[in-house]
Amino acid sequence: MPRVALIMGSDSDFPVLKSAVETLKQFGIEVEAHVISAHRTPKRAEEFALGAAGNGIEVIIAAAGKAAHLAGVLAAHTALPVIGVPIKSSAMDGLDSLLSTVQMPDGVPVATVAINGARNAALLAVQMLSLRYDDLYKKLLEYKEEMAVAVERKDAALQEEVAGI
């Protein structure tokens, strides 16, 4: 069974990340979640990243706000794919988190999703894992088809409403 680690800089980030857990579990992916701070527990962040692959983790999703260095710190210590989720903060509406996550130096890539984009981070992890797990690829195709059907239903409902005006 594929495993994804969900690492957050603070437990206050979990309400945003809950949708990532739900999405990963929807696809049958095992989720391991931890609070690890890039600044307050840097040794723990390093140890986690160094041991992640050996512990069966295949993708890391890292979420942090403000000086959001967590994804970069983890990426510096592993060859696993790391997906950063910038968390909206009060200071700059999350722009500080976004820039801290996306502006990585050459050689230390972090895939970055939108501010508070936990569901997309999970879906990106599923897409990465689908390269190895054929069943995930099939589930992704079904998921996308379900989204398309939902949009078509909404369009049909809109057409009826407009016709009735």
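Provided above is the structure to which this section pertains.
Residues numbered from 1 in each chain as written. Predicted model: local features only at pLDDT ≥ 70, side-chain atom pairs only at ≥ 80, totals over all residues. Heavy atoms only, no water.

Glancing now at the pattern of salt bridges. Across all of its chains, the model carries 4 salt bridges by this definition. For Arg3, the salt bridge is made with Glu32, and the minimal N-O distance between the two is 2.2 Å. Taken together, the positions of Arg3 in strand β1 (residues 3-8) and Glu32 in strand β2 (residues 30-35) put the pair 29 residues apart, joining distant regions of the chain. With a relative accessible area of 17%, Arg3 lands in the buried category. Lys88 is paired through a salt bridge with Asp93; the nearest N and O atoms lie 3.5 Å apart. Three or more residues joined by partner-sharing salt bridges are found here, namely Arg3, Glu30 and Glu32. (Salt bridge = Lys/Arg side-chain N within 4 Å of Asp/Glu carboxyl O. Helix = DSSP H or I, 4+ residues; strand = E, 2+ residues; numbered from the N terminus. Buried < 20%, exposed > 50% of the residue type's maximum accessible area, 1.4 Å probe, protein only.)

Note that Ser37 resides in the loop between β2 and α2 (42-52). A relative accessible area of 10% means that Ser37 is categorised as buried. Here His39 takes part through its backbone nitrogen, which lies 3.2 Å from a polar atom of the side chain of Ser37. Apart from the residues within four sequence positions on either side, Ser37 is in contact with Gly9, Pro42 and Ala45. (Polar contact = N/O pair within 3.5 Å; in protein donor to acceptor, adjacent residues only side chain to side chain. Contact = heavy atoms within 4.5 Å.)

What follows is about the layout of surface pockets. Space inside the largest pocket adds up to approximately 390 Å³. Looking at the lining of the largest pocket residue by residue, the class counts come to 6 nonpolar, 8 polar and 4 charged. (1 Å grid on protein atoms, 1.4 Å probe; cavity = no way out; pocket = protein on both sides within 12 Å on 5 of 7 lines; lining within 4 Å. Points joined across faces, edges and corners; volume = space filled by probe spheres on them. Nonpolar A, V, L, I, M, F, W, Y, C, P; charged D, E, K, R; others polar.)

Counting 28 residues, the largest nonpolar core has Val4, Leu24, Phe27, Ile29, Ile61 and Val85 as the members making the most contacts within it. By residue number, the principal contributor to this core is helix α5 (residues 118-130), which donates 7 residues. When near neighbours in sequence (up to four residues on either side) are disregarded, Phe27 contacts Leu123, Val126, Leu136, Lys139, Leu140 and Tyr143. Listed in part, the 21 residues of the second largest apolar core include Ile7, Ile60, Val82 and Val110. (Core = buried A, V, L, I, M, F, W, Y, C linked by side-chain atoms within 4.5 Å.)

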